[in-house]
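Architecture at a glance
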Amino acid sequence: MSQEKRFRGRMGDEYDFIRRVIPHFDQLQSQVGRELRRLKKSKPRILEIGCGDGLTTRSILAQQAAATVVAIDSEPKMIARAKKNLAAFIREGRCRVVLADAQKYLAGQRSRSADAVASAMTLHNMTTTYRARLHRQIRRVLKPGGLFVNADKYAPQDDRERFAALRLALRRFFHTFLPMRKYDLLEEWVLHNVADQAPDRVMKEADTLRALRRAGFTRIRLGHRSNMEAVLVAVRP
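Quick summary incoming for the structure in this document. (Residues numbered from 1 in each chain as written. Predicted model: local features only at pLDDT ≥ 70, side-chain atom pairs only at ≥ 80, totals over all residues. Heavy atoms only, no water.)

**Points about the sheet that holds strand 3 (residues 95-99)**
Taken in spatial order, the 7 strands of this open sheet run 3-2-1-4-5-7-6, and their pairing is mixed. The open sheet has two edge strands, strand 3 and strand 6 (218-226), and neither has a second partner. For this sheet, the mean inter-axis angle between neighbouring strands, taken without regard to orientation, is 15 degrees. Two elements, strand 1 (residues 45-49) and strand 4 (residues 114-120), share 4 bridges in a ladder whose sense is parallel. Bridge pairing links Ile-49 to Ser-119 in strand 4. Along the sheet, helix 5 (residues 76-85) contacts strand 2 (68-73) and strand 3; its crossing angle with strand 3, the most-contacted strand, is approximately 165 degrees. Strands in contact with helix 8 (residues 128-141) are strand 1, strand 4 and strand 5 (142-153); relative to strand 5, the strand with the most contacts, it is inclined by about 145 degrees. (Pairing = 2+ DSSP bridges. Helix = DSSP H or I, 4+ residues; strand = E, 2+ residues; numbered from the N terminus. Axes fitted to C-alpha atoms, helices over the stretch in contact; angles between N-to-C directions. Contact = heavy atoms within 4.5 Å.)

In structure tokens form, the structure reads like this:
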């Protein structure tokens, strides 16, 4: 099964609104770059899954002066924006932006060929089955000691906490879009976030940690939580 394209509509066209509905969005992206500074490599090779408009990519490259990043996304409109935002890094040869399905792209990479795999606000869009296969591919392409860093929507395991977090997120959508009369965007954001909680998609915290251990990761930790979102770091032994 290919990676779903969940930003085809107005959400993708007006993606910058994510910074209003998730106030800590930029901090999450920046934290990915800070976590990757732990890499003890002179010229780390980093793969990024779901680069979106290139914000996370830019944070990684700014905080890792010698790093090179291959940034992957399955949405053509996001690839176009990323290429524009990352033009300087692309000219320097430090970044390559690729339109591809994440799992198919990783399957074509050599084992133990990447120092890190990074992502932000992407994996929660995938089904549980797709995500489990992707976790295994991520581990395969990482070198021993390589890092998997993901800033994403890790839902609380407790359903009451999860409902409270979802209610807060939906309230932000209404407070953001209703005053601007952007009713179509409001509808897309609400339906998108409700769909994130579907049984075959929801990325619960404890379930995810167990899945990563089964995939062979160690030293897994989750931190920097704000409402539904958090930053996960795992190591390929």
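Next comes the rest of the write-up.
**Overview of the packing of helix 9 (residues 159-177) against helix 10 (residues 183-195)**
Closest axis-to-axis distance for the helix 9/helix 10 pair is 9 Å, and the angle between their directions is 170 degrees. The angle between helix 9 and helix 10 places the two elements in the roughly antiparallel class. Counting all contacts with helix 9, which are made through Leu-166, Leu-170, Phe-173, Phe-174 and Phe-177, the residues of helix 10 involved are Leu-185, Leu-186, Trp-189, Val-190 and Asn-193. (Parallel < 35°, antiparallel > 145°, perpendicular 65-115°, else oblique.)

**A word on the nonpolar core**
Within the largest apolar cluster, 28 residues are counted, with the highest numbers of intra-cluster contacts made by Leu-47, Ile-49, Val-117, Leu-134, Ile-138, Phe-148 and Phe-217. Among the elements that line this core, the one with the most residues is helix 8, at 4 residues. Those residues in contact with Ile-49, other than ones at most four positions away along the chain, are Ile-72, Ala-102, Leu-106, Val-117, Ala-118, Ser-119, Ala-120, Thr-122, Leu-123, Met-126, Leu-134 and Ile-138. Counting residues in hydrophobic clusters, the runner-up holds 26 residues, among them Val-69, Ala-71, Ala-82 and Val-233. (Core = buried A, V, L, I, M, F, W, Y, C linked by side-chain atoms within 4.5 Å. Buried < 20%, exposed > 50% of the residue type's maximum accessible area, 1.4 Å probe, protein only.)

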